[in-house]
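Overview (structure and organization)
Below, each chain spelled out in residue letters.
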Amino acid sequence: MRAFTSKKDSNTTIITITAAVAALTMMMAGCGSSGTATGSSSDSASSGSSKSSGTFMAAGLFPLTGSMAYLGPANIATMKLAQKDINAAGGVLGKDIEITSADTSDADHADQNTSSAQSVLAKNPSVVVGPPSSSVVKNTYKQVTSAKVPMISSGATSTAFSGLNDYFFRTIPPDTVQGAVLGQIIAQDGVKNLAVAVFNDEYGTSLRDVVVKTVEDAGVKVVYGEKDTFDPTETNFSSMVTAIKATNPDAVLVIAFDQTVPLVKELAAQGIDTHKLYMTDGNTVDHSSDFEAGLLKGSTGTIPGAHPTEEFQKNVKSFNAKVTDFTYTAETYDAIVLAALAAQKGGATDGATVQKNLMAVSGSTKGEKCDSYKACLALLKDGKDIQYQGQTSIGAFNDAHDPSSASIGVYKYDADNKPVFDHSQEGSVPKV
């Protein structure tokens with residue numbers, strides 16, 4: 001998951017990870033649930049599902065306050081865009097859909113996480129989209145799924161969430177994918193001794209574990225950080241950087257959010273080469289106002305997920321002209337459309353019906369491909385199976401309810417400390 005704003009180039013380099021995502025998930029996500037997440041559809045539909053008013057309701061859980069507040073406005077605008085497009089095509093079961101949302105803030109506000117979930121559940125939603133934070137998902141998913149309402153996260157990438165619950169899905173690839181790609185890049189760059197500075201967070205440690213496994217399998221030695229972490233509230237990194245420097249690493253991987261700025265400044269102050277850093281989606285952002293020019297030049301970062309097209313961004317901005325960051329908007333849009341198609345296919349708008357049909361409309365039954373709600377709706381009305389392609393082209397949900405294919409963008413920092421797409425990596429990273 002991302003944590004603060006980035007200004008991404010529209011020509012993002014994308015590395016496409018194909019069907020092996022499913023195998024990776026099952027191989028690496030040992031901290032997730034054992035067994036599959038498909039469950040019995042008939043059991044799900046009959047065991048205490050919420051009553052349906054006949055109107056499809058999509059509920060959003062997005063942060064408008066806290067450290068991730070930048071994510072909320074764009075994703076709420078995206079919900080409005082999805083509502084417009086679905087209703088323009090005829091709605092769900094002939095009725096216009098409705099949307100609602102609540103501010104979750106961040107994981108430091110656990111009470112608000114749960115109260116926001118309760119507030120949207122009170123409106124009898126057909127689906128809950130979000131939260132984008134792995135830690136906030138951890139605080140809320142039981143509330144939502146126990147109410148027999150599917151939760152589709154557009155940004156929670158924790159490896160522990162593969163196969164989490166019959167009612168939990170995500171339109172973002174898990175960090176088994178980002179971690180494997182980043183680990184391969186580190187190894188290909190010739191790093192022999194890697195230090196990892198990672199905060200003690202659901203997102204941070206799960207991603208670290210995948211990177212460590214990948215680089216060690218490639219012969220890279222992890223000299224610091226395989227087990228070491230720092231507290232997310234830490235502001236003084238002097239002793240940690242001293243310990244890192246003592247291991248004499250060739251490069252440092254930083255997995256953090258806004259802690260990145262003081263941490264990198266301390267790395268530079270102690271003479272560690274900040275041109276050989278690696279970052280992830282939590283901190284691969286525009287650092288032009290954070291550091292002296294050139295401090296990060298040459299460092300590498302990765303960001304999972306689809307890069308929204310210019311047309312899609314324009315459509316989102318039509319609902320909020322102030323939006324500048326489109327993180328997870330494509331994933332949010334597709335989550336709502338998939339849920340609406342599932343209700344249409346199942347003939348009802350209750351959560352259990354949506355859950356029962358999500359796999360099929362995503363393409364698990366190998367139906368006809370369609371790239372919009374309107375086109376997919378026409379096929380469903382003709383009695384055909386479908387594969388919704390949408391904005392992200394994530395492929396069908398696999399048995400762990402993760403995308404069966406995924407994209408990872410690779411970036412290099414320029415002299416202005418801005419991440420820009422890296423042409424040299426396009427197509428060069430092996431499939432995982």
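Residues numbered from 1 in each chain as written. Predicted model: local features only at pLDDT ≥ 70, side-chain atom pairs only at ≥ 80, totals over all residues. Heavy atoms only, no water.

Where helix α11 (residues 329-346) contacts helix α12 (residues 351-364), the axes come no closer than 7 Å and their chain directions differ by 105°. Taken together, the axes of α11 and α12 are roughly perpendicular relative to one another. Contacts between α11 and α12 involve Leu-338, Ala-339, Leu-341, Ala-342, Ala-343, Lys-345 and Gly-346 from the former and Thr-353, Val-354, Asn-357, Leu-358, Ala-360, Val-361 and Ser-362 from the latter. (Axes fitted to C-alpha atoms, helices over the stretch in contact; angles between N-to-C directions. Helix = DSSP H or I, 4+ residues; strand = E, 2+ residues; numbered from the N terminus. Parallel < 35°, antiparallel > 145°, perpendicular 65-115°, else oblique. Contact = heavy atoms within 4.5 Å.)

Time to look at the pattern of salt bridges. Enumeration according to the criterion identifies six salt bridges in this entry. Residue Lys-384 is joined to Glu-368 by a salt bridge in which the shortest nitrogen-to-oxygen separation is 3.4 Å. Taken together, the residues span a long stretch of sequence, with Lys-384 in the loop between α13 (373-381) and β13 (386-388) and Glu-368 in strand β12 (residues 368-370) at a distance of 16 residues. (Salt bridge = Lys/Arg side-chain N within 4 Å of Asp/Glu carboxyl O.)

Before going further, it helps to spend a moment on the pairing of strand β2 (residues 57-62). With six of six residues buried, β2 is to be regarded as a mostly interior element. Of the two faces of β2, the one lined by Met-57, Ala-59 and Leu-61 and the one lined by Ala-58, Gly-60 and Phe-62 are each fully buried. Here β2 pairs with strand β3 (residues 98-103) via six bridges, running parallel. Paired with Phe-62 across the two strands is Asp-103, which belongs to β3. Here three bridges tie β2 to strand β4 (residues 127-129), and the two strands are oriented parallel to one another. Paired with Ala-58 across the bridge in β4 is Val-127. (Buried < 20%, exposed > 50% of the residue type's maximum accessible area, 1.4 Å probe, protein only. Pairing = 2+ DSSP bridges.)

Using the criterion set out here, one finds eight aromatic pairs in the structure. Between the aromatic rings of Phe-161 and Phe-168, the centroid separation amounts to 5.8 Å while the plane-to-plane angle is 70°, which identifies the pairing as edge-to-face. Of the two residues, Phe-161 and Phe-168, both sit in the buried class. With centroids separated by 6.3 Å and ring planes inclined at 40°, the aromatic side chains of Phe-199 and Phe-230 adopt a geometry described as tilted. Residue Phe-199 is located in the loop between β7 (193-198) and α7 (202-217), and its partner Phe-230 is located in the loop between β8 (221-224) and α8 (238-246); the two are separated by 31 residues in the primary sequence. In this structure Phe-199 comes out as buried when scored by relative accessible area, which is 1%. Phe-230 gets classed as buried once you look at its relative accessible area, which sits at 5%. Here a set of aromatic residues connected by ring pairs shows up, and it is made of Phe-199, Tyr-203, Phe-230, Phe-237 and Phe-257. (Phe/Tyr/Trp six-rings, centres within 6.5 Å; stacked < 30°, edge-to-face > 60°.)

Bringing the packing of helix α4 (residues 110-121) against helix α5 (residues 134-146) into the picture now. With their axes 9 Å apart at the nearest point, α4 and α5 run at an angle of 35° to one another. For the pair α4 and α5, the sense of crossing is right-handed. Mapping the contact onto sequence places Ala-110, Asn-113, Thr-114, Ala-117, Gln-118 and Leu-121 in α4 and Val-136, Asn-139, Thr-140, Gln-143 and Val-144 in α5. Each residue belonging to the contact of α4 with α5 can be placed in one class, and the counts come to five nonpolar, six polar and no charged. (Left-handed = near helix turned anticlockwise from the far one by under 90°. Nonpolar A, V, L, I, M, F, W, Y, C, P; charged D, E, K, R; others polar.)

This part covers α11. For α11, built from 18 residues, the straight-helix expectation of 26 Å at 1.5 Å per residue is met to within 8% by its first-to-last C-alpha distance of 26 Å. Of all 18 residues making up α11, 16 are buried, and the element is well covered by its neighbours. Immediately beyond the C-terminal end of α11, within one or two residues, lies Gly-347, with a positive phi of roughly 80°. (Expected span 1.5 Å × (residues − 1).)

We now examine unusual backbone geometry. Along the chain, Gly-130 connects to Pro-131 via a cis peptide bond; the corresponding omega equals -5°. Of note, Pro-131 is situated in the loop between β4 and α5. A positive phi angle, close to 60°, is found at Ser-105, a residue other than glycine. One can find Ser-105 in the loop between β3 and α4. A relative accessible area of 1% means that Ser-105 is categorised as buried. Phi is positive for His-401, close to 65°, though the residue is something other than glycine. Along the chain, His-401 falls in the loop between β13 and β14 (406-413). Overall, His-401 belongs to the buried group, its relative accessible area being 1%.

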